[in-house]
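The lines below spell out each chain.
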Amino acid sequence: MHKVAIVTDSTSYLPKQLRDQYDIKMVPLNVIFEKESYQEEIELTVEDFYAQVREGDALPKTSQPAAGLFVELYEKLADEGYTDVIVITLSSEISGTYQSALTAETMVENIDVHVFDSEISCMPQGFFVLEAAKMANQGQAAKVIMSRMTLIRANGVPAYFMVDDLSHLHRGGRLNSAQFFVGNLLQVKPVLHFSDKKIVPFEKIRTRKKAIKRLFDLLHEDVESNDQVTISVIHANREAEAKEYAETLKQDFPNAEIIISYFGPVIGTHLGEGSIGLTWIKQ
Ligand code: MYR
């Protein structure tokens, strides 16, 4: 008889209440201020992170979880009677987290480890995690869950985001097509998305207001007002603004489930405060 555990890294930023509801385990990435390293969500809250960035002189850096952290978790899960563990990570092209989870797989023997590259991050990654957790709770086998996630990934999960200040992404080296922005790095509020596991510009836009409007236009172009869809507004320390967008979405898409999520410390390090994202998945 199989028993499948679902693990996400911290960057899916699934609201804790959802993680508890579906018994989803979480392995944190790290934020490093000066030489001090903090596990996000565990040792560093979102509020403290943005406050510290605003007050401090030095900008933070990030790092993947050590393989040892995954090994500890795999062993604990095996002791608890799990036969399989599915680990869903952020894109392997922007973080070594996927590699850490894979390396750890070679160090354990008493549980079957399946590592899934979401090829994205944040709430779109969270959609994979939620789907996997629901299936695991229904007693589905790991192979079936992995096939389902592979299919969802092949169909694509739309996700677009805008940043207030491109210099964070530029500094962290996570933005492809730097050429696109040469000469006007600070003047544009680009809409970005993922392609081939990497962050690439979608459209160059001049103002924050227009960039956010474009995110919503993209949603309206893809989703009919009566569709059964889950939509997530993702914000970097802009909760009130995100709530307003969620209210509008409730009216525009009466059958939709709306989830407000956030860019936490690790992703916030690379996007900067004020970033807004929109992602959706049809049911
Ligand atoms: C690490 O140090 O391993 C973590 C690196 C994280 C890079 C994050 C880049 C921004 C991702 C934005 C995702 C937006 C999804 C809607």
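Keep in mind the model is a prediction, meaning the values are calculated, not measured. (Residues numbered from 1 in each chain as written. Predicted model: local features only at pLDDT ≥ 70, side-chain atom pairs only at ≥ 80, totals over all residues. Heavy atoms only, no water.)

1. A closer look at the site of the ligand
- As a matter of local geometry, the ligand sits amid 17 residues, with Thr-62, Ser-63, Ile-94, Ser-95 and Arg-174 nearest to it.
- In the model, an oxygen atom of the ligand is placed 2.6 Å from a nitrogen or oxygen of the Thr-62 side chain.
- Taking Ser-63, its main chain carries an N or O atom lying 3.4 Å from an oxygen atom of the ligand.
- Contact with the protein chains removes 98% of the 500 Å² of surface that the ligand exposes when unbound. (Near = heavy atom within 4 Å. Polar contact = N/O pair within 3.5 Å; in protein donor to acceptor, adjacent residues only side chain to side chain. Areas by Shrake-Rupley, 256 points an atom, 1.4 Å probe, with all protein chains shown as cover.)

2. With respect to the pairing of strand β2 (residues 24-27)
- Burial of β2 is two-sided: the residues Ile-24 and Met-26 facing one way and the residues Lys-25 and Val-27 facing the other way are all buried.
- Where strand β1 (residues 4-9) lies against β2, four bridges are found, and the strand directions are parallel. Bridge pairing links Thr-8 to Met-26 in β2.
- In this region the chain leaves β1, passes through helix α1 (residues 16-21) and returns to the parallel neighbour β2; the handedness of that crossover is right-handed. (Buried < 20%, exposed > 50% of the residue type's maximum accessible area, 1.4 Å probe, protein only. Helix = DSSP H or I, 4+ residues; strand = E, 2+ residues; numbered from the N terminus. Pairing = 2+ DSSP bridges. Right-handed = clockwise from strand over helix to strand, strands pointing away.)

3. Some thoughts on the sheet that holds strand β4 (residues 36-39)
- One open sheet holds the three strands; their spatial order is β4-β3-β5, and the pairing between them is antiparallel. Across the chains shown, the open sheet's two edge strands, defined by having one partner strand only, are β4 and β5 (61-63). Going from strand to strand, the sheet's axes swing by 30 degrees on average, the running direction of each strand aside. (Axes fitted to C-alpha atoms, helices over the stretch in contact; angles between N-to-C directions.)

4. Let's talk about the sheet that holds strand β6 (residues 84-89)
- One open sheet holds the four strands; their spatial order is β2-β1-β6-β7, and the pairing between them is parallel. Strand pairing shows two members of the sheet lacking a second neighbour, β2 and β7 (112-117), which therefore form its edges. Each strand axis lies, on average, 25 degrees off the axis of its neighbour in the sheet, ignoring direction.
- Pairing geometry for β6 and β7, over six bridges, is parallel. For Ile-88, the partnering residue across the bridge sits in β7 and is Phe-116.
- Its contacts with the sheet put helix α3 (residues 67-79) on β1, β2, β6 and β7, and the angle it makes with β2 is roughly 155 degrees.
- The strands touched by helix α4 (residues 97-105) are β1, β6 and β7; relative to β7, the strand with the most contacts, the crossing angle is about 165 degrees. (Contact = heavy atoms within 4.5 Å.)

5. Some remarks on the packing of helix α5 (residues 122-137) against helix α6 (residues 142-155)
- Interaxial distance between α5 and α6 falls to 10 Å at its minimum, and their mutual angle equals 150 degrees. Between α5 and α6, the angle is such that the two are roughly antiparallel. You can see that α5 and α6 cross each other, and the crossing is right-handed. Contacts from Phe-128, Glu-131, Ala-132, Met-135 and Ala-136 of α5 reach α6 at Val-144, Ile-145, Arg-148, Met-149, Ile-152 and Arg-153. (Parallel < 35°, antiparallel > 145°, perpendicular 65-115°, else oblique. Left-handed = near helix turned anticlockwise from the far one by under 90°.)

6. Examining the environment of His-170
- On the secondary structure map, His-170 appears in helix α7 (residues 167-172).
- The sequence separation of His-170 and Arg-206 amounts to 36 residues, and the corresponding C-alpha distance is 18 Å.

7. Some thoughts on helix α9 (residues 239-252)
- With 14 residues, α9 ought to run about 20 Å at 1.5 Å a step, and its terminal C-alpha atoms sit 20 Å apart, in line with that.
- Every buried residue belonging to α9 is among Glu-241, Ala-242, Tyr-245, Ala-246 and Leu-249, and all of these are buried. Down the axis of α9, the buried side of the element spans an arc of 140 degrees, and every buried residue falls inside it. Exposed and facing more than 90 degrees away from the buried side of α9 are Ala-240, Glu-244 and Gln-251. (Expected span 1.5 Å × (residues − 1). Arc of directions from axis to C-beta.)

8. Observations concerning the domain arrangement of the protein chain
- Domain annotation of the protein chain identifies domain 1 (4-29 + 64-155) and domain 2 (159-282).
- Centre-to-centre, using C-alpha coordinates, domain 1 lies 24 Å away from domain 2.
- The partner domain 2 presents 22 residues to the 20 residues of domain 1 that form the contact.
- Counting the surface lost from both domain 1 and domain 2, the interface buries some 1,700 Å², and carbon and sulfur atoms represent 75% of this.
- By the criterion of area lost to domain 2, the three top residues of domain 1 are Tyr-13, Ile-94 and Phe-127, representing 40% of everything that side buries.
- Here domain 1 and domain 2 share one salt bridge between them.
- Lys-197 is paired through a salt bridge with Asp-117; the nearest N and O atoms lie 3.8 Å apart.
- The element contributing the most residues to the side of domain 1 that touches domain 2 is α5, with four residues. (Domains from an automatic or database assignment. Buried area = accessible area lost by both parts, 1.4 Å probe. Salt bridge = Lys/Arg side-chain N within 4 Å of Asp/Glu carboxyl O.)

9. Examining the packing of aromatic side chains
- Using the criterion set out here, one finds 10 aromatic pairs in the structure.
- A ring pair is formed by Phe-33 and Tyr-38, whose centres lie 6.3 Å apart and whose planes are at 70 degrees; its orientation type is edge-to-face.
- Where Phe-70 meets Tyr-74, the ring centres are 6.1 Å apart and the plane angle is 40 degrees; that geometry is what we call tilted. Remark: Tyr-74 and Phe-70 occur in helix α3; sequence separation between them is four residues, near one turn of the helix. Of the two residues, Phe-70 and Tyr-74, neither departs from the other in class, the shared state being buried.
- The ring of Tyr-82 has Lys-3 lying over it, and the distance from NZ or CZ to the ring centre is 4.4 Å. (Phe/Tyr/Trp six-rings, centres within 6.5 Å; stacked < 30°, edge-to-face > 60°. Lys NZ or Arg CZ within 6 Å of the ring centre and 35° of its normal.)

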